[in-house]
Protein chains: 2
Amino acid sequence: MHRWINSLVTLAILTCLAPSLVKADEGMWLLNNLPESQLKQKYGFEPTPEWIERIQKASVRFGNGGSASFVSPHGLVMTNHHVGADAIQNLSSAEHNYMRDGFYAATHAEELKCPDVELNILMEIRPVTDRINAAVKDGMSPADAASARQAEMSAIEREAQAETGLKPQIVTLYRGARYDLYLYKRYTDVRLVMAPEDSIGFFGGDIDNFEYPRYNLDISFFRAYEDGKPAETPNHFKWSRAGIRENDLIFISGHPGRTRRLYTVAHLKFLRDTWLPLILNCYYQREVAMLQLAARGEEEDRIAREDLLYVQNGRKAFTGMLTGLQDARIMAQKIREEESLRKVWTGKNGKEDPWTRIESAIKEVEDWYPAYFLIENRRTGLCRTQSLAMKLVRAAQERAKPDSDRLAEYRDASLTSLELDLFSDAPIHMELERVRFQDGLMRLARILGADHPAVVDALGGVDAATRATALLGGTRLADVAERRRLYEGGLEAINASNDSMIKFVRDFDKHGLALRKRYEDTFESVETEAYADIADARFTKYGENVYPDATFTLRLAYGTVKGQREDGRSVEPFTTIGGAFKHAEAHKHRPPFDLPKRWMDGRSKLDESIPYNFITTNDIIGGNSGSPMLNRQGDLIGIVFDGTIESLVWDFQFDDRHARAVGVDARAIVEALRKLYGAEALVKEMTGSTSRMAVAR
Amino acid sequence: MHRWINSLVTLAILTCLAPSLVKADEGMWLLNNLPESQLKQKYGFEPTPEWIERIQKASVRFGNGGSASFVSPHGLVMTNHHVGADAIQNLSSAEHNYMRDGFYAATHAEELKCPDVELNILMEIRPVTDRINAAVKDGMSPADAASARQAEMSAIEREAQAETGLKPQIVTLYRGARYDLYLYKRYTDVRLVMAPEDSIGFFGGDIDNFEYPRYNLDISFFRAYEDGKPAETPNHFKWSRAGIRENDLIFISGHPGRTRRLYTVAHLKFLRDTWLPLILNCYYQREVAMLQLAARGEEEDRIAREDLLYVQNGRKAFTGMLTGLQDARIMAQKIREEESLRKVWTGKNGKEDPWTRIESAIKEVEDWYPAYFLIENRRTGLCRTQSLAMKLVRAAQERAKPDSDRLAEYRDASLTSLELDLFSDAPIHMELERVRFQDGLMRLARILGADHPAVVDALGGVDAATRATALLGGTRLADVAERRRLYEGGLEAINASNDSMIKFVRDFDKHGLALRKRYEDTFESVETEAYADIADARFTKYGENVYPDATFTLRLAYGTVKGQREDGRSVEPFTTIGGAFKHAEAHKHRPPFDLPKRWMDGRSKLDESIPYNFITTNDIIGGNSGSPMLNRQGDLIGIVFDGTIESLVWDFQFDDRHARAVGVDARAIVEALRKLYGAEALVKEMTGSTSRMAVAR
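Residues numbered from 1 in each chain as written. Chains lettered and ligands numbered in written order. Predicted model: local features only at pLDDT ≥ 70, side-chain atom pairs only at ≥ 80, totals over all residues. Heavy atoms only, no water.

Novice: Any details on unusual backbone geometry? Residues and values, ideally.
Specialist: Residue and element names in this part refer to chain A. Omega for the peptide link from Pro-591 to Pro-592 comes to 5°, which places this bond in the cis form. Here Pro-592 lies in the loop between helix H22 (577-586) and helix H23 (597-602). With a phi angle near 60°, Arg-175 is a residue other than glycine that sits in the positive phi range. Along the polypeptide, Arg-175 turns up in the loop between strand E8 (167-173) and strand E9 (178-187). A positive phi angle, near 50°, is found at Asp-227, a position not held by glycine. (Helix = DSSP H or I, 4+ residues; strand = E, 2+ residues; numbered from the N terminus.)

Novice: Tell me about helix H12 (residues 328-342) of chain A, and name the residues and values.
Specialist: Residue and element names in this part refer to chain A. Along its 15 residues, H12 runs 21 Å from first to last C-alpha, staying within 8% of the 21 Å computed at 1.5 Å per residue. Within H12 the residues assigned to the buried category are Ile-330, Met-331, Lys-334, Glu-338 and Leu-341. Relative to the axis of H12, the buried residues are bounded by an arc of 95° and lie together on one face. (Expected span 1.5 Å × (residues − 1). Buried < 20%, exposed > 50% of the residue type's maximum accessible area, 1.4 Å probe, protein only. Arc of directions from axis to C-beta.)

Novice: Got a sec to walk through helix H2 (residues 36-43) of chain A? Specific residues and values, please.
Specialist: Residue and element names in this part refer to chain A. Among the residues making up H2, those that are buried are Gln-38, Leu-39 and Tyr-43. Taken around the axis of H2, the buried residues stretch over an arc of 100°, which confines them to a single face. Of the surrounding elements, those touching the buried residues of H2 are strand E1 (29-30), strand E13 (249-254) and strand E14 (555-560). (Contact = heavy atoms within 4.5 Å.)

Novice: Which residues make up the packing of aromatic side chains, and what are the values?
Specialist: In this description, a pair of aromatic rings is defined by centroid distance and the angle of the planes. Residues and elements named next belong to chain A. Scanning the entire structure with this criterion turns up 55 aromatic pairs over all chains. When the ring of Trp-599 is compared with that of Tyr-612, the centres are 6.1 Å apart and the planes differ by 25°; the resulting orientation is stacked. Of this pair, Trp-599 sits in helix H23 while Tyr-612 sits in strand E18 (residues 611-616), placing them 13 residues apart in sequence. Note on accessibility: Trp-599 and Tyr-612 belong to one class, buried. An aromatic cluster is present here, built from Phe-270, Tyr-369, Tyr-372, Phe-373, Tyr-519 and Phe-523 joined pairwise through their rings. Above the face of the Phe-423 ring, Arg-484 is positioned so that its terminal group lies 4.2 Å from the ring centre. (Phe/Tyr/Trp six-rings, centres within 6.5 Å; stacked < 30°, edge-to-face > 60°. Lys NZ or Arg CZ within 6 Å of the ring centre and 35° of its normal.)

Novice: Just give me the short version of the pattern of salt bridges, but keep the residues and values in it.
Specialist: Tallied over the full model, the rule gives 131 salt bridges over all chains. Arg-357 of chain B serves as the salt-bridge partner of Asp-533 of chain B, at 2.6 Å between the closest nitrogen and oxygen. A residue pair is termed long-range when its members are at least 10 positions apart, and Asp-533 of chain B in helix H21 (residues 500-542) and Arg-357 of chain B in helix H13 (residues 354-365) qualify at 176 residues. The same class applies to Asp-533 of chain B as to Arg-357 of chain B, namely buried. Look at the salt bridges and you will find they share partners, linking Glu-376, Arg-394, Glu-409, Asp-509, Arg-516 and Glu-520 of chain A into a network. (Salt bridge = Lys/Arg side-chain N within 4 Å of Asp/Glu carboxyl O.)

Novice: Just give me the short version of the sheet that holds E18 of chain A, but keep the residues and values in it.
Specialist: All names here are of chain A. Spatial strand order, E1-E14-E13-E19-E20-E21-E18-E17: eight strands in an open sheet with antiparallel pairing. Looking at strand neighbours, the two that pair on one side only are E1 and strand E17 (574-576), the edges of this open sheet. As paired elements, E1 and E14 share two bridges and run antiparallel to each other. Opposite Trp-29, over in E14, you have Leu-556 as the bridge partner. (Pairing = 2+ DSSP bridges.)

Novice: Any details on the pairing of strand E14 (residues 555-560) of chain B? Residues and values, ideally.
Specialist: Residues and elements named next belong to chain B. With six of six residues buried, E14 is to be regarded as a mostly interior element. Burial along E14 is two-sided: the residues Arg-555, Ala-557 and Gly-559 and Leu-556, Tyr-558 and Thr-560 are all buried. The sheet contact formed by strand E13 (residues 249-254) and E14 spans six bridges and is antiparallel. Bridge pairing in E14 places Ile-250 opposite Gly-559.

Novice: I'd like a description of the interface of chain B and chain A, backed by residues and values.
Specialist: Facing 46 residues of chain B, the contacting portion of chain A comprises 46 residues. In terms of surface lost to chain A, no three residues of chain B exceed Gln-326, Arg-446 and Arg-590 of chain B, which account for 18% of the buried area on that side. Viewed at the interface, chain A and chain B are joined by eight salt bridges. Along the contact surface separating chain B from chain A lie 17 residue pairs in polar contact (both at pLDDT 80 or more). Those elements that place two or more of their residues in the side of chain B that touches chain A are helix H9 (205-208), helix H10 (265-295), helix H11 (298-326), helix H12 (328-342), helix H17 (430-448) and helix H19 (464-473) of chain B. Top contributing element to the side of chain B that touches chain A by residue count: H10 of chain B, with 14 residues. (Buried area = accessible area lost by both parts, 1.4 Å probe. Polar contact = N/O pair within 3.5 Å; in protein donor to acceptor, adjacent residues only side chain to side chain.)

Novice: Lay out the sheet that holds E13 of chain B with the relevant residues and their values.
Specialist: All names here are of chain B. Sheet architecture is open: eight strands sit in the order E1-E14-E13-E19-E20-E21-E18-E17, paired in antiparallel fashion. At either margin of the open sheet sits one strand with a lone partner, and together these are strand E1 (29-30) and strand E17 (574-576). Across the sheet, helix H2 (residues 36-43) lies against E1, E13 and E14, angled at about 15° from E14, the strand it touches most. (Axes fitted to C-alpha atoms, helices over the stretch in contact; angles between N-to-C directions.)

Novice: Describe the pairing of strand E10 (residues 189-195) of chain A, listing the residues and the values that go with them.
Specialist: All names here are of chain A. With seven of seven residues buried, E10 is to be regarded as a mostly interior element. Relative to E10, strand E5 (residues 103-104) runs antiparallel, the two being bridged by two bridges. From the neighbouring strand, Tyr-104 faces E10, where its bridge partner is Met-194. As judged from the two bridges shared by strand E6 (residues 112-113) and E10, these two strands associate in the antiparallel manner. Within the sheet, the bridge partner assigned to Leu-112 lies in E10 and is Leu-192. Sheet analysis places E10 next to strand E11 (residues 220-226), joined by five bridges and oriented antiparallel. Paired with Arg-191 across the bridge in E11 is Arg-223.

Novice: An account of the relation of the copies chain B and chain A is needed here, citing residue identities and associated values.
Specialist: Structural alignment of chain B on chain A gives an RMSD of 0.0 Å, achieved by rotating through 180° and translating 0.0 Å along the axis. Expressed as a symmetry operation, the mapping of one chain copy onto the other fits a two-fold axis. Mapped onto chain A, 100% of the interface residues of chain B are again interface residues, and the two copies thus contact each other with one and the same surface. (Least-squares fit on C-alpha atoms with pLDDT ≥ 70 in both.)

See the structure below:
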């Protein structure tokens, strides 16, 4: 608390500069650098330190890719159904299909412990830019400078962890111009409380995804436990009794994953012509493979579902991004902006200008980028057992080194998260593994060419199907105890192992490690320094009150509830519960427009006029899913679950003429929980009331 | 008839050479170069000239991509459901969904005329190698030699057409070593007689496609008309009353589309690492786009279905081919074969060896091959209206030139087929057009990069969706009368047109034409000469009794009915009608394993023990679909509809240890037509009997 106020002091100094760059309601703002003058000027709103602290500590980072919030003093967490889906799927089986049928625990005893969910709450931010930059000495090459920074980061993390017991993370802001140390409270005992059927959580499926109007109850509830008891969470959001209307000011507090608004034109063209084409090339194939698996039968459909939803969502999002970048009008604007910014560059130690440095670095990596991307970039392997094998092999190798020399994800500060993943007892379906591995091997060979040395090793002289069958037939890594034995046995156990997947990775992993080193040395280190220089140019031109690109850390966005105009037609900001039934009827209840039986049977119990989904102008991006939507008082009025198709270019550029964030209205959540799911206890815990809330419309 | 016997004389001379290359039942044999000694030696079978003539003239090439046969003296044609599907779809509407519900015309009057189906029957083959080669003068560059050959081909075609009134086609065999003139009788008035529901025609859908055991009634019936009356077809196949058993000798007469067994190793690696990866990259995206369209509603599902089936089938086939080529064991065998063949090369006019010439030509095209492939290779455009616009613009430009200077598909000999396509009144669904065009534009930009000059022109400075909406909103090409007006108006009409799609093509088509010229000059002309040289080396090493790669012209394959062994498990050669019900039950009747209502209701009428689908060792490939399967007498015992997954590598290499052709047994066809479809008249026409045939099992 005290340290956090310190951050606010820094903030006060920085925000005295005029926000000349930012128009509309743009911005994913740092909690320690809020756009106070814009908020005051445009909305007459002045956040108090208490308001900010509550937002910071009631906001939750969920697992590895979503947002959430505390909604009761007893660790109750609300997020999206699609954010919780991985956990719900892991708790499901052929007998208990909670994805399809939903789940509700009326008492703590009935809550189901999730195999590997981690919740992070940001407790404190400390500026560490100067200390990290001091580690870099004059004349160091970009690669050496990067190593020096890494070593300093490792030292800072270790010190902070020892001092606070919290989980440290160094966050690189403005792509290298600033560094902050974030300290998180972590919960790893997380239990499922409530999930609706995925047919209403993801009503309209892939068809309606990223569209509006919408009718989704995209929510799920979990509970953080500490020492086997529900966690105490005094910082949580209160459920608003007031409701919202068009034009109301709305705040969204969450963890936007990644934006690329500060990218140079050369870098954007690399995304447009290399990275996005490649990722879509992979996603299309994965989607087709998962659809084929799912079509085989009911159980296959169940085990493929999570992968399929993930890939379909990504495919649609990346398609929207690519389509935006292919629009010459958007690129022309980026080119104009860059030309104007380049005029500010006055040179630095005789170095080439940073835009040229980035362009040259891209030329260096272009040829072998697909190999880096496919083999190492995501570090997830082609299937779960291969990924586990890779992590076990690397953990053994890295843990034998001093902390500062390790790959970042094997530093001491990261081991708890690694172990949560390695020892998760989430089910591993061998048929899903086989399809993923075989399809992945074929894809690797398809994109890199079958004579690529890594592909030759991956295929091992046979075809993909034969290879997958052989490697998956000889691994015991689906067994948690075996993984624990190998992890605890360290290098000796790994080197002695006869497990087919461990042996495969022992041989194959050299390719990924070499590509990573090459990528870090020739691209990442150059990029970090160049973007730091570009950020300096931006600070010179626009002042320091600009927000950095998203980094999957906590940000605040502001905006208003606002309808849309499309093709001359206006779209109302709110849908209603009754609209869901009409939407289903319009599609003859054909999947994915089939409402759950509970909804069809319970229709008469519902007040169909209650607002259901709604749209706002807040600046969000992937990772914001599950973010609480708050009113001026900081009370909860909804939950973000999507952005419209038009918002996908927000990755590169914000524009709220057409694009919108999409949320579920808190009023509909209460109505459904009460009338359809019999979740009175849950409603009472959130709202503090069993009686019907006064609902304003 | 006389001339055809002439061809047989040539055949007799050629076949005196020993068939040392061919083992097993390999080979897609030319009707004028049958493997007589193998047939005699292995099966004691000697085809008579009458037997060969009947096979030639009762075999039918169906539309642009399948095989079929005459099965009555009155023009009745049998093919696969999936071969006829395009025509069935074109006859369907939201009111009459013949794809979903099936169709049967009990009388001629009820038969439905197809918008644009052409049937070709091979009437005569004339050798023209010497005349074509004589047109090439010493010292000509490969590109000039190709032009000289093209001009001579144009002259030969024109002469033959004037002389015979038949449709001429010069067929390039052994990739350039031999040329034959094929003369076809053509039927363009083709009417639908019978189609089953596609849920039984394609029972098991994409999941079971290329698999075995199978249970598909993959048949449909059409009738050729001449002068408004059923055509007289004295050459037709008789329905066998004998049935078949395991190990019986089977002939398959059809039109295998394309094999690449004579390709050099460099060329195979180009397929493996460039062509197949690229085509799959496109197919995956197209499949996803069609699935998204189909999911939107019932009518969208209907209009997307044909495209979807086409793409899914292609995706699975190309995947099988690629997986085979990625198998280092198969490539090693190809390398050994090539090494042994290269020893035969003794040089020719100081030219580099042909393997090196092909490798060098590939290096020339590799960089811009994707542009050629995407923009020009298939000449199909991104959607139907764009394709029509391109054909109209080119037809106007080409028809203004002398025949010998034209692009091959606009030579006089080809105009009737072109006009059949241009003036087809098959429905054009604008929503399908929009999805295809938008998706196609995005794909073009994704694969070529948005700064590629052709992509800049294609997108026209906006995003793909905006461009597609604008161009499709301003075209009247869905109207046949407008297309006819533009075609008949020639260049003047085209240049004066304000149609958005015509204007687009007038500007854009330069890219395709330039790429085509470049590809023909730098690759095709080199390839033709080099493969002719390689063929000479093969003739030297193996004698002339080797079959050429498939060319979508008539071939005969022989083999036997034979079960499979897989993973130590043996698979029976025949399935039964009863097996279809069991297969549906095993999948809980979940689509695509849902039998039509007619089958479920009519089950008790069926003899469930009747053989249904079966497998043989015959050498087939895509294009063979719908081929008649014949016994020694040349009587019809079944129809080909598929090959197993293992047969997909037959594209490059035949191997019948695991791979099989898959057919529908004639006995099951009669049983189903009679008991389920009430098609007694159809059965009588084919079998000459209304009473139950004696069925041997």
